[in-house]
Amino acid sequence: ALPHLEKSGGHIFVTSSTAGEIPGGFVSLYSSTKHALNGFFYSLQQELLARKSNVGITIGALGFILTDDVKAIFEISNFTNLPDFAKGDVHECTRGMMNSLVLRPRTFTYPFVSTILERMSWYLNPWAQEMLISFVSMEQADTFSKACRITSEKAGFQKGNL
């Protein structure tokens, strides 16, 4: 695909997550796959920059986006303690992703304030994550995991069909 992208001056937008930059409790599989995705595309991005390629790559570091599925997970798990500034609007996020195809930044972060605060808390004080995790009971974590599974199954994602 790269030769075709270079001929057309193409751009790749990688839908990733802040979980690919900051480890979080109770999402180890998701976080590890996003770390791998980020590692590959950030490395490719650097190689293309070194070659002065006209292909652009934007990695989208997305936080909580209030899609219908995320709303359902929050509702099923009774997860209500996420502050409003940490909840991203799906339409605003889409606009930002579309703008990235034109402006071609190396990273697109949304929702901006909460993801920047997450990064700062992790890089400056890794123990802050441990403190946050200590507020989550195993019962709450199990309820959240079940809500994710129920929502995925409703969307047609069955175990073994991915």
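Residues numbered from 1 in each chain as written. Predicted model: local features only at pLDDT ≥ 70, side-chain atom pairs only at ≥ 80, totals over all residues. Heavy atoms only, no water.

What about the overall build of the protein?
Next up, step 1: When helices and strands are tallied, the protein shows seven helices and five strands.
Next up, step 2: With 162 residues in all, the protein has 32% of them scored as buried.
Next up, step 3: Contacts in the protein between residues far apart in sequence, at least 24 positions, make up 68% of those at least 6 positions apart.
Next up, step 4: Put simply, the protein shows about 10500 Å² of open surface, and 62% of that area lies on carbon and sulfur atoms. (Helix = DSSP H or I, 4+ residues; strand = E, 2+ residues; numbered from the N terminus. Buried < 20%, exposed > 50% of the residue type's maximum accessible area, 1.4 Å probe, protein only. Contact = heavy atoms within 4.5 Å. Areas by Shrake-Rupley, 256 points an atom, 1.4 Å probe, with all protein chains shown as cover.)

Points about the pattern of salt bridges
Next up, step 1: One pass over the structure, following the stated rule, counts two salt bridges.
Next up, step 2: Across the pair Glu-6 and Arg-51 runs a salt bridge whose closest N-O atoms are separated by 2.4 Å. Of this pair, Glu-6 sits in helix H1 (residues 2–8) while Arg-51 sits in the loop between helix H2 (28–50) and strand E2 (56–62), and the two are 45 residues apart along the sequence. (Salt bridge = Lys/Arg side-chain N within 4 Å of Asp/Glu carboxyl O.)

A few points about the nonpolar core
Next up, step 1: With eight residues, the main nonpolar core is built from Leu-5, Val-14, Phe-41, Leu-44, Leu-48, Val-55, Ile-57 and Ile-59.
Next up, step 2: Within the residue set of this core, elements represented by two or more residues are H2 and E2.
Next up, step 3: If you tally residues by element for this core, the top one is H2, at three residues. (Core = buried A, V, L, I, M, F, W, Y, C linked by side-chain atoms within 4.5 Å.)

Focus: the side chain of Thr-109
Next up, step 1: In this structure, Thr-109 sits in strand E5 (residues 107–110).
Next up, step 2: Here Thr-109 is in contact with Ala-61, Thr-115 and Arg-119, once residues within four sequence places are set aside.

Some thoughts on the environment of Leu-62
Next up, step 1: Locating Leu-62 in the fold gives a position in strand E2.
Next up, step 2: With 50 residues separating them in the primary sequence, Leu-62 and Phe-112 have C-alpha atoms 8.7 Å apart.
Next up, step 3: Those residues in contact with Leu-62, other than ones at most four positions away along the chain, are Thr-15, Ser-16, Ser-17, Thr-18, Cys-93, Phe-108 and Tyr-110.

Topic: the packing of aromatic side chains
Next up, step 1: Taken as a whole and assessed by the stated rule, the structure comprises three aromatic pairs.
Next up, step 2: An aromatic cluster of at least three residues, connected via ring pairs, comprises Phe-13, Phe-108 and Tyr-110. (Phe/Tyr/Trp six-rings, centres within 6.5 Å; stacked < 30°, edge-to-face > 60°.)

Details of a nonpolar patch on the surface
Next up, step 1: A grouping of Phe-85, Phe-112, Val-113, Leu-117, Met-120, Tyr-123 and Leu-124 is seen on the molecular surface, where their side chains present a nonpolar patch of about 770 Å² in accessible area.
Next up, step 2: For Leu-117, the position within the fold is in helix H5 (residues 112–124). (Patch = residues over 30% accessible without salt bridge, like charges linked within 9 Å, V, L, I, M, F, W, Y side chains within 5 Å.)

A look at H5
Next up, step 1: Look at H5: 18 Å from first C-alpha to last across 13 residues, which is about the 18 Å you get at 1.5 Å a residue.
Next up, step 2: Restricting attention to buried positions, one finds in H5 the residues Ser-114, Thr-115 and Arg-119. Viewed along the axis of H5, the buried residues span an arc of 135°, placing them on a single side of the element. Turned more than 90 degrees away from the buried face of H5, the exposed residues are Phe-112 and Leu-124. (Expected span 1.5 Å × (residues − 1). Arc of directions from axis to C-beta.)

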